[in-house]
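Chain residues, written in single-letter form:
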Amino acid sequence: MPKEKAIKICGYIIEIGILAIVFFIPVIFDYSMTSYNFFDLYKAVIFRVILILILLSFTAKVFISGKLSYRGGAMVFLLAGLMLASFFISSFFSLHPAQSFWGSFLRQQGFYNFFNYWLFFVLLVLNIENAKQLKRVVIAAVASAALAAAYGLAQYFNLDPFAWSESALTTGRIFSTLGQPNFFGHWLIMVLPFSLYALIFMAKRFLARFFVGLAVFTQLACLVFTYSRAAWLGFLGLVTFLIIAWLFNKRFKRVAFGFIGLILIGAVSVISLNLIRPAGQSDLNSISLVNRLKSVTDLKGGSNKMRLYYLDAAVKEIRQESPIRLFLGYGPEVLADVFMKYYQIDWGVYEAINSFPDRAHNWLFDQILALGFLGLAVNLIFYIYFIYQAAVFLLAKQKFGSDDWFLIFLFSSLIGYFINNLFSFSLFTVLVYLYLILALGWIIINYNKEVKTLNIRLTVFSKSLIWAALFLVSAVFIYSNNINQVRAEIYYIKALNSIQSSDCRSVINNMEKVISLNPNSGYYQENYLFLMLNCFSGVKDRSVWLKLSDKMLEQIDQIGDKESYSILHNTARVYALLGLYSDKAYYAAADEIFYDLLVKFPYFTGPYEDLSKQKIMQEDYPGAIEIFNQAIKVLPPIDHPYLNDQHRRQIAVIAVRLYEGAGQAYFKIKNYDLALEYYKKGLSSDPYRATLYKNIADIHYVTGRLDQAIAWNKRGLILNPNDYHWPLSLSLLYRDKKDLSAAKDYLNQALKLAPENKELKKYYTELNK
C-alpha cells in the first residue's frame with residue numbers, strides 16, 4: 001500500500017473515532033435494561049475501546065510518516081502531564097489505592113479513566129488540523145445533544161419507552177441518557193454553546209437554521225425540565241459571559257462593566273436576603289418551576305442546606321488533616337469514607353436517612369480533599385495558563401471572526417462548567433466533553449501558529465515492534481478492564497435475580513464469576529457479603545449453608561484490612577449469623593465490630609438495628625432494648641418542617657422496625673405494657689404494618705383479653721384478606737372462647753385461602769370431631 005494512502009486511512013479512522021466519541025458517548029446507555037450501572041459503565045467501556053483504536057491508528061500514522069506534528073508550545077502538554085502525575089501520586093498514596101486507581105463502580109472516576117481523558121485531550125490536539133474537522137465535531141455534538149434532548153422531552157411527556165425505577169413522571173425531573181437530572185443539566189450547559197454557535201455562525205440555509213434552532217429550543221426546554229438549579233446558574237453565567245463578550249466586541253465597554261456590576265450587586269443582595277429570611281417553607285418540597293426558582297438561594301432547607309453541611313464537613317476535615325494528606329489528598333473516589341464520619345441526625349432531614357456524599361459538591365474542596373494542595377495547584381496552573389493564552393489570543397483581535405467566536409463559546413462552556421461545579425460535581429460524559437472543549441480551545445488558539453515537527457528516527461523493525469507491543473497491551477486492557485467489566489455486570493445481575501428466586505447456589509456461582517472478572521471493584525466485594533447474607537438465613541440444604549459460610553469467611557480474608565463502613569457492617573452481620581447457626585464464639589467478633597461502628601458513626605441507625613437483632617439472637621433482651629432505644633434517639637424528627645414526604649417515609653420505615661423490635665424484646669421479658677406502647681408507636685408511623693396488629697393481638701391473648709385479641713386479629717384480616725393466618729388465628733381464638741360455630745366459619749375461610757395446607761386439614765379434623 002502506498003505510504004500516502006496508508007496515512008490517509010489512519011487519518012480517517014482517527015477522525016471517525018473522534019466523531020463517534022463526541023456523538024455516541026452522551027446517548028449510549030444499557031438499552032437492554034439488564035445491568036445495574038445502566039449509564040456510565042457502558043459509556044466508559046465504549047469510550048476506552050474507541051480511544052484505543054484512535055491511539056493505535058495515530059501511532060501507525062506517526063510511524064508511517066516518520067514525524068509527529070503539532071502547533072503551539074509544548075507547555076500545555078507538560079502541564080497536562082503534571083495533572084496526570086498528581087492524579088497518579090494521590091491515587092498511589094490513597095486511603096484505598098485500588099479504588100482510586102480503577103475508580104468506583106458507580107462513578108468510574110479513578111486514575112484509569114482520568115488517564116483516558118488526558119489521552120483524549122492529547123490525541124485531539126495532535127489530530128484536528130483544519131476548520132472542516134472542527135465543524136464536523138460541532139455538528140456531531142449538536143446532533144448528539146438534539147437526540148438526547150428529544151429523549152428528554154419524551155420522558156417529560158410520559159412517552160418514555162423504558163420503564164425506570166424512578167421515572168421522570170414520578171420524580172418530576174428528566175434525566176435523558178445521562179441517568180440523573182443534575183448530570184443531564186450539567187452536560188446541556190456545556191453543549192448548548194456548540195448549538196448556539198452552530199445556529200449563529202454555521203447554519204446558513206433556512207432548513208439548517210430550522211433544525212439547529214429546533215435543537216437549541218429542545219435543549220433549553222430540557223434544561224428547564226431537569227430542575228437542576230446548579231445547571232441553571234451555570235447557564236446564567238455562560239449567557240452573561242456571552243453578552244459581555246458581545247458588548248466588548250461592539251465597543252460598549254462601559255455598558256459591559258456596568259452590567260457586570262449590576263450582576264454582582266444583585267447576586268449579593270439576593271443571597272443576603274435569603275440568609276436573613278429564607279424562601280417560604282410551605283411548598284418548597286414540591287417540584288415545580290416556580291418552587292425550584294424560589295429555592296435557588298434558600299440556604300435554610302433542602303439540598304442547599306445539605307451543600308452547606310458538606311462544605312462544613314470538608315472544612316473540618318481540612319483543618320484536622322495531616323500535612324501529607326493536605327499535600328497529596330485522600331485519593332480519588334474515596335471521599336465517602338471521609339464524609340460519612342461527619343453524618344449528623346439532620347442529614348436525614350435534607351437527604352435520605354443514613355446516606356452520605358462521596359463528593360463535597362464543590363470543585364475547590366473536592367480537589368483539596370481528593371488530590372491535595374498539590375493536585376489543586378497543578379489544576380489551577382493548567383487552567384490559568386489556558387485562560388491566559390485564550391485572553392492573549394482574543395485581545396489581539398480588533399474584531400472577532402467566526403473562529404474567535406467559537407473560542408468564546410467554548411470558553412462560555414467552561415464558565416458554565418465551573419459555576420455548576422461550585423454546587424455539584426462532574427461524571428463521565430461531562431468530563432469527556434470538558435477535555436474535548438479544552439482541546440478544541442487550544443487548537444483554535446494555536447491554529448495560525450507555525451507547525452512544529454518531531455522526526456521519528458527509528459528503524460522499521462523498531463516501529464513495528466513498538467506498535468505490536470502497544471497493540472498487545474491495548475488488547476489486554478480492552479479484554480481485562482473493559483469486556484470483563486461488562487461480563488462481571490451481567491453475572492452480577494444474574495446473582496441479583498437468583499436472590500429473588502432464593503437460588504443460593506446460583507448466587508454463589510455468579511458472584512464468584514463477578515469477583516474473578518472484576519477483582520478490583522470494592523462495590524462487588526461489599527455486595528458479595530451483602531448478597532450472601534440475604535441468602536444465608538433461608539438456606540435449608542446444609543451443604544449449601546456450609547459453602548455459604550466458607551465463602552463469606554474466605555471473602556472477609558481476601559478483603560483484608562480495607563475498613564470501609566459497608567464492609568465492616570456486613571462483616572459484623574456475617575459473624576452474628578455464624579454465632580447463631582455455627583459457633584457462639586463469633587458473637588464476640590461481631591460485638592467488637594458493631595461497637596466500633598457505633599463509636600465511629602454514632603448517628604447511623606444500621607449498626608444499632610443489627611446489633612439489637614444479635615442481642616435478641618443471644619437472648620439478651622435487656623441489651624437489645626437498650627440498643628433499640630439508642631437507635632430511636634438518633635432518628636431525625638418526623639415533624640421537622642423541612643422534611644419532605646419521601647424522606648419522611650424513609651424515616652418511618654426504619655422507625656417502625658425499631659419500635660417493633662423493641663416491642664418484641666419487651667414481650668420476651670413479659671413487660672407487656674411497654675411492649676404494647678412500642679407496638680402502638682410503630683402503628684402511628686405505619687398503620688398498614690400487619691405484623692404489628694398480630695403482635696398487639698398476642699399481647700392481649702397472653703394477658704387473657706380474648707375479645708381484644710379477636711378485635712386486633714380482625715383488623716389484620718381486613719388489611720390482609722388473602723393471608724390464611726388471620727382467619728386461622730381467629731378460629732383458634734373463638735375455639736378458646738368455646739364459640740365453635742365462629743371457629744368453624746373462620747377455619748373454612750382459611751381453608752378457602754390454603755386448601756392444600758396439611759396443618760389446616762389436621763385442625764379441621766380436630767375441630768369437627
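Bear in mind the structure is a predicted one, so any value in this text is a computation, not a measurement. (Residues numbered from 1 in each chain as written. Predicted model: local features only at pLDDT ≥ 70, side-chain atom pairs only at ≥ 80, totals over all residues. Heavy atoms only, no water.)

K.L.:
When you look at the overall build of the chain in this model, what are you seeing that I'm missing?
P.N.:
Within the chain, the regular secondary structure consists of 34 helices and two strands. On the principal axes, the C-alpha backbone points of the chain span a range of 105 × 65 × 55 Å. Buried positions account for 53% of the 769 residues belonging to the chain. Across the chain, the fraction of contacts at a sequence separation of at least 24, relative to all contacts at a separation of at least 6, is 70%. Summing over all exposed atoms, the chain offers an accessible surface of approximately 35,600 Å²; the carbon and sulfur share of this is 62%. A distance of 11 Å separates the average location of the 74 positive side-chain charges in the chain from that of its 55 negative side-chain charges. (Helix = DSSP H or I, 4+ residues; strand = E, 2+ residues; numbered from the N terminus. Buried < 20%, exposed > 50% of the residue type's maximum accessible area, 1.4 Å probe, protein only. Contact = heavy atoms within 4.5 Å. Areas by Shrake-Rupley, 256 points an atom, 1.4 Å probe, with all protein chains shown as cover. Lys, Arg positive; Asp, Glu negative; His and termini not counted. Charge placed at Lys NZ, Arg CZ, Asp CG, Glu CD.)

K.L.:
Just to check I follow, could you spell out helix 17 (residues 363–395) for this structure?
P.N.:
The periodicity of an α-helix, 3.6 residues per turn, causes residues three or four positions apart to be oriented the same way. Taking 1.5 Å per residue, 33 residues should reach 48 Å; helix 17 reaches only 28 Å between its end C-alpha atoms and comes up short. Along its length, helix 17 shows its largest kink, about 125°, at leucine 371. Between the side-chain oxygen at the start of helix 17 and the backbone nitrogen of leucine 364 there is a gap of 3.1 Å, and the oxygen is on asparagine 362. (Expected span 1.5 Å × (residues − 1). Bend = angle between axes of the 7 residues up to and from the residue. Polar contact = N/O pair within 3.5 Å; in protein donor to acceptor, adjacent residues only side chain to side chain.)

K.L.:
Even after reading the chapter, I still don't get a positive patch on the surface, so can you show me in this structure?
P.N.:
A cluster of basic residues, Lys132, Lys135, Lys204 and Arg209, forms a positive patch on the protein surface. Tracing the backbone through its elements, the reader meets arginine 209 in helix 9 (residues 206–225). (Patch = residues over 30% accessible without salt bridge, like charges linked within 9 Å, V, L, I, M, F, W, Y side chains within 5 Å. Salt bridge = Lys/Arg side-chain N within 4 Å of Asp/Glu carboxyl O.)

K.L.:
Help me out: how do you make sense of the packing of aromatic side chains in this one?
P.N.:
Aromatic ring pairs are reported here in terms of the distance separating the ring centres and the angle at which the planes meet. Applying the stated criterion to the full structure yields 78 aromatic pairs. With a centroid separation of 5.2 Å and an interplanar angle of 70°, the aromatic rings of tryptophan 102 and tyrosine 112 are classed as edge-to-face. Of this pair, tryptophan 102 sits in helix 4 (residues 97–102) while tyrosine 112 sits in helix 5 (residues 111–127), and the two are 10 residues apart along the sequence. For arginine 71, the ring lying beneath its charged end belongs to tyrosine 447, and the centroid distance is 5.7 Å. Sitting over the ring of tyrosine 678, lysine 681 keeps its end group 5.0 Å from the ring centre. (Phe/Tyr/Trp six-rings, centres within 6.5 Å; stacked < 30°, edge-to-face > 60°. Lys NZ or Arg CZ within 6 Å of the ring centre and 35° of its normal.)

K.L.:
Looking at this structure, how should I read the packing of helix 10 (residues 229–249) against helix 18 (residues 402–420)?
P.N.:
Between two packed helices, what matters for the description is the angle formed by their axes and the separation of those axes. Running from N to C, helix 10 and helix 18 point in directions that differ by 150°, and their axes come no closer than 8 Å. When you trace helix 10 past helix 18, the crossing you get is right-handed. Between helix 10, through Ala230, Ala231, Leu233, Gly234, Gly237, Leu238, Phe241, Leu242, Ala245, Trp246 and Asn249, and helix 18, the contact on the second element is made entirely by Trp405, Ile408, Phe409, Phe411, Ser412, Ile415, Gly416, Ile419 and Asn420. Taken together, the residues of the contact of helix 10 with helix 18 break down into 14 nonpolar, six polar and no charged. (Axes fitted to C-alpha atoms, helices over the stretch in contact; angles between N-to-C directions. Left-handed = near helix turned anticlockwise from the far one by under 90°. Nonpolar A, V, L, I, M, F, W, Y, C, P; charged D, E, K, R; others polar.)

K.L.:
Would you explain the environment of lysine 67 in this entry?
P.N.:
Of note, lysine 67 is situated in strand 1 (residues 67–71). Separated by 388 residues in sequence, lysine 67 and asparagine 455 have C-alpha atoms that sit 4.4 Å apart.

K.L.:
Looking at this model, I keep getting lost on the environment of glutamine 614. Mind explaining?
P.N.:
When you line up the elements, glutamine 614 lands in helix 26 (residues 605–617). Note: C-alpha distance between glutamine 614 and methionine 83 (531 residues apart in sequence) is 49 Å. Excluding its chain neighbours within four sequence positions, the residues that come into contact with glutamine 614 are Ala576, Tyr587, Ala590, Asp591 and Phe594.

K.L.:
What is the right way to read the side chain of serine 90 from this model?
P.N.:
Its location among the elements puts serine 90 in helix 3 (residues 75–92). Setting aside residues up to four positions removed in sequence, serine 90 forms contacts with Leu328, Gly331, Pro332, Ala370 and Leu371.

K.L.:
Can you walk me through unusual backbone geometry in this structure?
P.N.:
Leave glycine aside and you will find that most residues have negative phi; peptide bonds, for their part, are mostly trans. Positive phi outside glycine occurs at glutamine 108, with the angle close to 60°. With respect to the element layout, glutamine 108 can be found in the loop between helix 4 and helix 5. The buried category is assigned to glutamine 108, whose relative accessible area is 5%. Although it is not a glycine, lysine 670 sits at a positive phi angle of roughly 65°. Within the secondary structure, lysine 670 sits in the loop between helix 28 (645–668) and helix 29 (672–685). By relative accessible area, lysine 670 is classed as exposed at 63%.

K.L.:
Is there a simple way to think about the pattern of salt bridges in this case?
P.N.:
It is possible for side chains of opposite charge to pair when their charged atoms get near one another. Under the criterion given, the structure shown has 18 salt bridges. A salt bridge links glutamate 317 to lysine 341, with the nearest nitrogen and oxygen atoms 3.3 Å apart. In this pair, glutamate 317 sits in helix 13 (residues 302–320) while lysine 341 sits in the loop between helix 15 (335–339) and helix 16 (347–350), placing the two residues 24 residues apart along the sequence. According to the relative accessible area criterion, lysine 341 is partly exposed, its value standing at 39%. Linked through salt bridges whose partners overlap, the residues forming this network are Arg107, Glu333, Asp358 and Arg359.

K.L.:
Could you clarify how one ought to interpret the nonpolar core in this entry?
P.N.:
Nonpolar side chains tend toward joint burial in soluble globular proteins. Grouped together as the largest cluster of nonpolar side chains are 227 residues, with contacts concentrated most on Phe121, Trp187, Phe194 and Leu440. When residues of this core are assigned to their parent elements, the largest contribution, 16 residues, is made by helix 19 (residues 428–445). (Core = buried A, V, L, I, M, F, W, Y, C linked by side-chain atoms within 4.5 Å.)

K.L.:
Please explain the packing of helix 1 (residues 3–27) against helix 6 (residues 131–156) as it appears in this structure.
P.N.:
In contact at an axis separation of 8 Å, helix 1 and helix 6 are set at 20° when each is read in the N-to-C sense. In terms of axis orientation, helix 1 runs roughly parallel to helix 6. The crossing of helix 1 and helix 6 is right-handed. For the pair helix 1 and helix 6, the contacting residues are Glu15, Ile18, Leu19, Val22, Phe23, Pro26 and Val27 in the first and Gln133, Arg136, Val137, Ala140, Ala141, Ala143, Ser144, Leu147 and Ala148 in the second. In the contact of helix 1 with helix 6, the residues fall into 12 nonpolar, two polar and two charged. (Parallel < 35°, antiparallel > 145°, perpendicular 65-115°, else oblique.)

K.L.:
What's the story with the pairing of strand 1 in this structure? I'm lost.
P.N.:
Looking along a regular strand, one sees the side chains alternate between the two faces of the sheet. Taking every second residue as pointing to the same face, the buried face of strand 1 carries Leu68 and Tyr70, while none of Lys67, Ser69 and Arg71 on the other face is buried. The pairing of strand 1 with strand 2 (residues 451–455) spans five bridges and is classified as antiparallel. The partner of arginine 71 across the bridge, within strand 2, is valine 451. (Pairing = 2+ DSSP bridges.)

K.L.:
Would you mind showing me how to read a nonpolar patch on the surface here?
P.N.:
On the surface, a cluster of nonpolar side chains totalling about 710 Å² of accessible area is made up of Phe206, Leu207, Phe210, Phe211, Leu214 and Phe217. Here phenylalanine 210 lies in helix 9.

K.L.:
How should the confidence of the model for the chain be read in this particular structure?
P.N.:
Caution applies to low-pLDDT parts of the model: their predicted coordinates are not meant to be read in detail. Per-chain confidence: the chain averages 88 in pLDDT, with 92% of residues scoring 70 or above. Every residue in residues 269–287 scores below 50 in pLDDT, and together they form 32 contacts with partners more than four places removed in sequence or on other chains. (pLDDT = per-residue confidence, 0-100.)

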